[in-house]
Structure formats: structure tokens, C-alpha cells
Amino acid sequence: TRFQNDLLYFGRAFEKAAIGMKTPRLFVPIALGVTLVYAVVTRLVGFFQVYHQDEYKWALAANPSYGMGGTIPHPFLARFLYEHIGGVIGYDHLRALPIVASLAILALLYVYVKRVYGKGEALTAVIVYSITAYALIGSVQIDIDGAFLPLMALLSIMAYTHWVGATTGAQKRKYLLL
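What you see is a predicted model, and the numbers here were worked out from it, not measured in a lab. (Residues numbered from 1 in each chain as written. Predicted model: local features only at pLDDT ≥ 70, side-chain atom pairs only at ≥ 80, totals over all residues. Heavy atoms only, no water.)

Concerning the side chain of Ser139
What counts here: Where helices and strands are cited, they refer to DSSP runs of H or I of at least four residues and of E of at least two residues respectively, numbered from the N terminus. The contact criterion used throughout is that any non-hydrogen atoms of two residues lie within 4.5 Å.
Relative to the elements of secondary structure, Ser139 occurs in helix α7 (residues 133-139). Once residues lying within four places of it in the same chain are set aside, the contact partners of Ser139 are Arg43, Arg95, Pro98, Ile99, Ser102 and Ala147.

As C-alpha cells, then:
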């Protein structure tokens, strides 16, 4: 497809850039470090924003002192995470959960694309994910659609490809549980 061709093209371009450096082994770690710092800084800007639109309802529904328990209109994972972890980190800091999920996506995306295509392509995928507007907005939004849903989708894809590549029944069962 067009996306795969572009990914391979930019991946090869990164590999050529690494070859042209005096220390090519350091190119990918440095680029990953810069991308991670960029991703963290851009998401921290959104972390300190006030809740808007329906986000404040999530904070009220997650906080047991308001007596709105069970009113989160999404599956049990969102309710569990926001109610229990909100009690630990504070209900004013619920944006931390999608930020952590988006950073997990960043790490898992690198691992998966590196396994399937290679280092250069993995670096390209991580850079594109970290600068994409939807990924940035979704990573600071208190909801499950922005960061948790893509994380679960990526985990499902990874588990499936590992399951297909498994050679024994025990390996297949392990990835089937994931």
C-alpha cells in the first residue's frame, strides 16, 4: 500500500542518514531520545489544562465523594482505571492516565514496527505518531477513545502476529490470552 511504501522510503532515508554520520550506531538512540522528549513535553502542556466539555463529568463520576459511582458510560476498564488510579494520583490529574497510555503506544509501536520492517521504519513510525495531531489530542483527553483504544488495538495486533508466528501450542495459548 501507499503507507507501507512511504514508511519503507523514510525508513531507508533514516538508515542512510545514520550511515553518513561519524557514529551511526548512535543515530537511532539519539533520534528516539529526541522524539521521546518531544512527545513528553508536548503532552505535559496538555496535562495542565483545565477539564473542558465533558471531561469534568469523568472526574466527577470517578470521584466517590460525589456519589456518582458507576455513571461512566464506557466499558469497565475506563471505570476501573479512572476510579482507582484517580484515588491514588488525585482526580484533578486524570490526564496522566492517557498520557502514560500514549507513551506506551510509542514504545510498543517502535517494538512492533522494528520487528516487522526494521529500525529505520520503526523510527519513522514513532516520529509520525509523536507529531500527529490526533495522537497528541487523544493522549491528553480523558476518555478511552484517544489513547486506550489505540493501545488495545496495537496490543491486539501484536498478540495476533505473535500467535500466527508461534510454533507450539503453549506459545499460541500464551498469545491467545493476551
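Regarding helix α6 (residues 119-131)
Stated precisely, the cut-off is as follows: Given the number of residues in a helix, its expected span is that number minus one, multiplied by 1.5 Å. Accessibility here uses a 1.4 Å probe with only protein chains present; expressed as a share of the type maximum, an area under 20% marks a residue as buried, one over 50% as exposed, and anything in between as partly exposed.
With 13 residues, α6 extends 19 Å from end C-alpha to end C-alpha; this agrees with the ideal 18 Å at 1.5 Å per step. Every buried residue belonging to α6 is among Gly120, Glu121, Ala122, Leu123, Thr124, Ala125, Val126, Tyr129 and Ser130, and all of these are buried.

A few points about a nonpolar patch on the surface
The test is simple: Exposure above 30% relative accessible area and no salt bridge define the residues that can form patches, which grow by joining like charges within 9 Å and nonpolar side chains of Val, Leu, Ile, Met, Phe, Trp and Tyr within 5 Å. Surface exposure here means Shrake-Rupley accessible area, sampled with a 1.4 Å probe, where a residue is shielded only by the protein chains that are shown. One side-chain nitrogen of Lys or Arg within 4 Å of one carboxyl oxygen of Asp or Glu is enough to make a salt bridge.
Together, Leu36, Val40, Leu44 and Phe48 make up a nonpolar patch on the protein surface, roughly 370 Å² of accessible area in all. Locating Val40 in the fold gives a position in helix α2 (residues 27-47).

What to know about the packing of aromatic side chains
A ring pair, where both rings are aromatic, is described by two values, the distance of the centres and the angle of the planes. So the rule is basically this: Pairing of aromatic rings covers Phe, Tyr and Trp, the last through its six-membered ring, and needs centres within 6.5 Å; plane angles under 30 degrees mean stacked, over 60 mean edge-to-face, and all others mean tilted.
Counted by the stated rule, this structure contains three aromatic pairs. Seen from their ring centres, Tyr82 and Phe148 are 6.2 Å apart, and the 85 degrees between their planes marks the pair as edge-to-face. Placement of Tyr82 in helix α4 (residues 76-89) and of Phe148 in helix α8 (residues 148-165) is noted, with a sequence separation of 66 residues between them. You'll find Tyr82 and Phe148 in the same group, each marked buried. Between the aromatic rings of Tyr160 and Trp163, the centroid separation amounts to 6.2 Å while the plane-to-plane angle is 35 degrees, which identifies the pairing as tilted. Placement of both Tyr160 and Trp163 in helix α8 is noted, with a separation of three residues, approximately one turn of the helix. According to the relative accessible area criterion, Trp163 is partly exposed, its value standing at 30%.

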